[in-house]
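Fold and geometry: a report
Residue strings, one per chain:
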Amino acid sequence: MKHNIFFILFALCVVCPCYQGFSFQSGNGAEIAMKRAEVFFEVSNYKKALQHYSSAANNFKIQKNWSGYLNAVAGKAYCLVRLSAFDDARLLLDTAVIVGDNIGEGIEVARIYYVYGILLDLLNEPHESLAMHQHALNIRVRLLGSNHILVSESYNGIGEVYRYTLRDYVEAEKYFQKSVNILETTPPKYLKQLYRVYYNLATTNRLKKDFERALGFAFSAIQTLESIDPVDTTSFIRCYGIIANIYNNQDVSEKAILYYRRALSLRLDRHEMSAEMANDFTNLSQAYIETGQHLLALHCVDSALLIIKNKNAYDSTTMADIYLVKGKALREANRDQEALENYRRSLHIRNAFSQSNTADISNTYKHLSEVLYKMKQFDSALFYAQQSIQSALGSETTLSSTSNPSYKVLENKPRLYDILAHKGTVLMQLAEGRNAVNTLKLAAECFYLSDRLMDRYWDSQENENSKLHFASDTYYIYERALSALYKLYGLTSDEQYIASAFELMDKSKARILRQGVEQASQRAQKYIPDSILTQELNIKAKITSVENKLGSVKNLEVESELNVELLNRQKELAVWQRQIKKQFPQYTFGVKRSPVMTLYRLQEALEEDMIFVEYFFGAETIYAIASFDGAQGFEAIETKNLTQDIYKFCELLKNGLQTKDLQEDFANYVMLGSSLYEDLLLPVINRFGLQAGDDRHQLMVVPDGPLSLLPFQALLASKPNTTHVNYRDLDYLVKHFTISYSFDAVSPFLTNPRSHSEKPLLAFGWSDGEQEKYTTDDLPGTYRELQAIASIFPGDFSMGKDAVKKKFMAEASSYKILHLAIHGVGDEHDIYNNYLQFRDEKLFAHELYGYNLGSDLTVLSACETGYGKIFTAEGVYSIARGFFYAGSKSLLMTLWRINDGENVSLIHQFYKNLAQNEYASSALCKSQLTYLKEADEYTAHPRFWVGLVLWGNYKELNDQNISVQIYAVSIMTVLATAASLFFLRRKRKQARDVSNSQAC
């Protein structure tokens, strides 16, 4: 009701000449005109607002009220900008700047510079625009302080220049974040401004590919809009559009389509036929393209074209965008010639429109190049790729026909990483027919630049899921780079190309994990109080909990609430970190970029007899780089059916002896085990003139992709002469090599900074061995396992009712060796569902992030501790990964489910070997060989012994003064040995029963 009365009075003021005349005659007409102008401006009626701002400016000028005059002129210029009367606006602002210089720098002068910044941004003069905005910001901070609403406005204005014109999303987010920090503490009347900055942060994080934060800000924008009265439908539509765009980028196209339809539904309710509606149809078309629904995509984009063509005003930008998307739809439908025509239409419009954004022109050239590449017109594709780069750089840098700009020129345009990678791909095709070496060198340079630009996106992303998505999306760039370097090495025999390839290969591996480990190490070295670390861990645990819920939620409304909650938790962490930073300036919260391991440094660190092999599992080719005795090799292996063969082989290992398929499984095992060795490892061995029968060597493997689940110990160096089932005498690699694994080339050489602990061993087992009856969840075999360890190593043992999570978390950081013989679950679909089950509750992998372990070795003698979801480049997300993340330098883990007590003999022998100062890798290898010697042809199946693998630092424990006592012959040793023999005999009997059943 109050609003209605206000607008009635306002209408009377506008239409009643007597009242209007009286106002001006009374001397306060200028102020009233300003108020009227501001009301009209709020409802986007810029023509009416312009009239009243002009009237106010004239009256203020007559009164020689220069502050009022400048305020009115700023509003008048802003209206002219909104009405696209840019020349008139510029002339007016130039005059106002002169007046402002004469009266001194006040708030009104700052307003003039702020509006001038907006105008120059629209005129595509971003650097001049930034200068104006910065001038306005400086005045406002000096006069109003750093937390005023107008300071927030300036931060947002600067952010918009970086976001929409310069396309520097990293810098844009810094300013938007400063703006939102102020707005979140201001009164509700500024909710509209808060919505606008949330929206800007959503679009910016989307373009940074930090999609979780983008969704959080987008849903926060919607929550803010829901608090504004009256309802701002236009802004709701924009928010639905950005949410849909984010889902589209995440390949969740079904949700994207749903939100695009919501936006369009609101527009149709208003009977709208606008450029914005055409844009929504265009975006919906892109979502249909992603889902392969090309006919629907074309229908939507044609609807967008129809709307624009029927508008009175020709919207060149929207028209160019529509033709671009239509080109995409046609290209995906394999109508390449038609796609090419639409891309050219888009380019023609953009080039003809003087105010076209250079980034949009660059993007159109890129699409032209890509479709020409697909049509095998490589010279034309290279030309347009170069045009794309040149357009993005503008006239400040002029490139020759194929040359690359320097990184210094490119560093503020990180989005160009994809066009540089595409250019490198085109050059690789052209190298096949001309001047191969020089052309390949230029291609490699493209990939180097692309890699460095991607670092900008990587460093700016805060969410793990966003980093995983980014790494997966860009992994192809590393594959193409390795291809170029492999070809250069083949043409020149220059080993420098191997070194360059190795750096790129290793840089792409386990990057999230490596940075997490470095942070844990930094915290340990700076002696931050455990209470502080616990606070950080608790906040991070809340963040992970929300991420966990987001992974399984189906309801869209609940999902939106969780996205906002996630964003708020992240803000809580940021606030806490700012507070703690004041107290502990040395504490590092940010993710430090990890140093790249070089081939030279690796060779210096390798043991004399060690063969090092690192793999890169590409879509078309597996690359392997190896080093031995100062020499190196670079191999390329066609992927072909290798992925399928690896999974088949791993399935045979996990299943063990099968009653019905004993003979067939053995034949398949021999075939796959030997062929995988010949494909994956034999080329490397031959490169160094070695054979599997030579003197025993250490073999360090850095796997990739599905290779992360393949135990190389079980591969076969040669085929048997017989088809009779005999797993004992097979020529396993474990008989020739001491094998260990690593997440990357750095992990094997990490040392533990927390060497102050003197406690040797902490072990947890599920049961105490005293119950007469066990429940289905109890693990009586763990008692025998811990007995076997206790007969060799002194330590603290918690079993049965004492094996609780809280106790482990409180004590684990003080021990050199951790041993957990409890339940374990690895989930190949959900990264938040990998856990160990203690007596009372679960310990999830992500709970260990931020925890600070001091262990040199963690033995996870539980099911599937090395199993989980595989991510491109990052590896397996398992419970073991969580322990490594927390600071444990080496991990003994399992690749599949194990039966209770199955590992007793292996674990017992492993600790005996370890107690004799063996490397952990050697201790494991010898225990597996001992098992094979004692087994028969059936119990020797690798299912029983090869599932234990060692990852990380393969050397002896860090502290050589660790108190290890090998007990003399005692009752405990006898009991442990007897238990092991009992289990071995039982497995032999089971295996023979299987064999007899097969024979029957």
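Because the structure is a prediction, the values reported are computed rather than measured. (Residues numbered from 1 in each chain as written. Predicted model: local features only at pLDDT ≥ 70, side-chain atom pairs only at ≥ 80, totals over all residues. Heavy atoms only, no water.)

Okay, the overall build of the chain next. Assigned secondary structure in the chain consists of 38 helices and 16 strands. Looking at the chain as a whole, 58% of its 1000 residues are labelled buried. When contacts within the chain are restricted to residue pairs at least 6 apart in sequence, those whose partners lie at least 24 apart make up 71%. Of the roughly 41700 Å² of accessible surface on the chain, 50% is carried by carbon and sulfur atoms. (Helix = DSSP H or I, 4+ residues; strand = E, 2+ residues; numbered from the N terminus. Buried < 20%, exposed > 50% of the residue type's maximum accessible area, 1.4 Å probe, protein only. Contact = heavy atoms within 4.5 Å. Areas by Shrake-Rupley, 256 points an atom, 1.4 Å probe, with all protein chains shown as cover.)

All right, on to the pattern of salt bridges then. This structure, assessed with the given rule, holds 39 salt bridges. With a shortest N-O distance of 3.0 Å, D232 and K192 are connected by a salt bridge. Remark: K192 occurs in helix α11 (residues 191–207) and D232 occurs in the loop between α12 (211–225) and α13 (233–249); sequence separation between them is 40 residues. It is possible to trace a salt-bridge network through shared partners that takes in R267, R270, E272 and D280. (Salt bridge = Lys/Arg side-chain N within 4 Å of Asp/Glu carboxyl O.)

With that settled, the discussion passes to the packing of helix α20 (residues 378–393) against helix α22 (residues 417–430). Think of two packed helices as two axes; the pair is described by the angle between the axes and how far apart they sit. Two elements in contact, α20 and α22, have axes separated by 9 Å at closest approach and are oriented at 155 degrees. One element, α20, and the other, α22, form an angle in the roughly antiparallel class. For the pair α20 and α22, the crossing hand works out as left-handed. Across the interface between the two elements, F378, D379, A381, L382, A385, Q386, S388 and I389 from α20 touch I419, L420, H422, K423, V426, L427, Q429 and L430 from α22. (Axes fitted to C-alpha atoms, helices over the stretch in contact; angles between N-to-C directions. Parallel < 35°, antiparallel > 145°, perpendicular 65-115°, else oblique. Left-handed = near helix turned anticlockwise from the far one by under 90°.)

Turning to the sheet that holds strand β11 (residues 842–844), a few remarks are in order. The antiparallel open sheet is built from 3 strands, whose spatial order is β9-β10-β11. Every other strand in the sheet has two partners, leaving β9 (823–825) and β11 as the edge strands with one partner each. The mean inter-strand angle of the sheet, taken between neighbouring strand axes irrespective of direction, is 20 degrees. Bridge count for strand β10 (residues 835–837) against β11 is 3 bridges, and the pairing is antiparallel. Following the sheet pairing, Q837 is matched in β11 by K842. (Pairing = 2+ DSSP bridges.)

What follows deals with the packing of aromatic side chains. On inspection of all chains with the given rule, the structure shows 42 aromatic pairs. For the pair F793 and Y911, a centre-to-centre distance of 5.4 Å together with 75 degrees between the ring planes defines the contact as edge-to-face. Of this pair, F793 sits in the loop between α33 (780–790) and β7 (796–799) while Y911 is found in helix α36 (residues 904–915), placing the two residues 118 residues apart along the sequence. One aromatic cluster is present, formed by Y615, F712, Y741, F743, F884 and W951 through successive ring pairs. Its end group placed over the ring of Y835, K842 keeps NZ or CZ at 5.0 Å from the ring centre. (Phe/Tyr/Trp six-rings, centres within 6.5 Å; stacked < 30°, edge-to-face > 60°. Lys NZ or Arg CZ within 6 Å of the ring centre and 35° of its normal.)

Our focus in this paragraph is the side chain of K571. Within the fold, K571 resides in helix α28 (residues 556–583). Taking the relative accessible area as the measure of exposure, K571 reaches 19% and is therefore buried. In this structure, K571 is in contact with E184, Y198 and F217, ignoring residues within four places of it in sequence.

Right, let's get into a negative patch on the surface. Where like charges cluster on the molecular surface, the negative patch consists of D251, E290, E332 and D473. Judged by its relative accessible area of 36%, D473 is partly exposed. (Patch = residues over 30% accessible without salt bridge, like charges linked within 9 Å, V, L, I, M, F, W, Y side chains within 5 Å. Lys, Arg positive; Asp, Glu negative; His and termini not counted. Charge placed at Lys NZ, Arg CZ, Asp CG, Glu CD.)

Taken residue by residue, a regular strand's side chains alternate between the two faces of the sheet. Counting buried positions along strand β15 (residues 890–894) gives 5 out of 5 residues, so the element sits mostly inside the fold. Sheet topology places strand β12 (residues 857–860) next to β15; 2 bridges connect them, and they run parallel. Each residue of the ladder has a partner; that of T858, found in β15, is L891. The pairing of β15 with strand β16 (residues 948–952) spans 5 bridges and is antiparallel. Residue M893 lies in a different strand from β16, and its bridge partner there is V949.

Another aspect to go through is unusual backbone geometry. Put simply, D229 and P230 share a cis peptide bond, and its omega is 5 degrees. Mapped onto the fold, P230 is located in the loop between α12 and α13. One non-glycine residue, H271, lies in positive phi territory at about 55 degrees. Looking at the secondary structure, you find H271 in the loop between α14 (253–269) and α15 (275–290). Since its relative accessible area comes to 74%, H271 is described here as exposed. In this structure, A510 is a non-glycine residue whose phi angle is positive, near 45 degrees. Here A510 lies in the loop between α25 (496–507) and α26 (511–525). A residue is classified by how much of its surface remains accessible, and A510, at 2% relative accessible area, is buried.

You can see R140 is positioned in helix α8 (residues 126–144). Within the structure, R140 has its side chain in polar contact with the backbone oxygen of L150 (distance 3.0 Å). A polar atom in the side chain of R140 sits 2.9 Å from the side chain of E153. Non-local contacts of R140, meaning those with residues more than four positions away in its chain, are made with A110, R111, Y114, G145, L150, V151, E153 and S154. (Polar contact = N/O pair within 3.5 Å; in protein donor to acceptor, adjacent residues only side chain to side chain.)

So, about the nonpolar core. In a soluble, globular protein the nonpolar side chains are often hidden away together inside. Among the nonpolar cores identified, the biggest contains 272 residues, and Y615, Y669, F712, F808, F883 and Y911 are the most heavily contacted of them. For this core, the leading source of residues is helix α24 (residues 464–492), giving 12 residues. Counting 44 residues, the second largest nonpolar core, distinct from the first, contains A33, C79, L120 and A136. (Core = buried A, V, L, I, M, F, W, Y, C linked by side-chain atoms within 4.5 Å.)

In this section: the environment of I389. Along the chain, I389 falls in helix α20. Each C-alpha atom of the pair I389 and I361 lies 9.9 Å from the other, and the pair is 28 residues apart in sequence. Filtering out sequence-adjacent residues up to four positions away, I389 remains in contact with L399, P405, I419, L420 and K423.

With 18 residues, helix α9 (residues 149–166) should reach 26 Å at 1.5 Å per residue; the first-to-last C-alpha distance of 25 Å fits that figure. Across the 18 residues that make up α9, a large majority, 15, are buried. One or two steps after α9, the chain reaches R167, where phi turns positive at roughly 55 degrees. (Expected span 1.5 Å × (residues − 1).)

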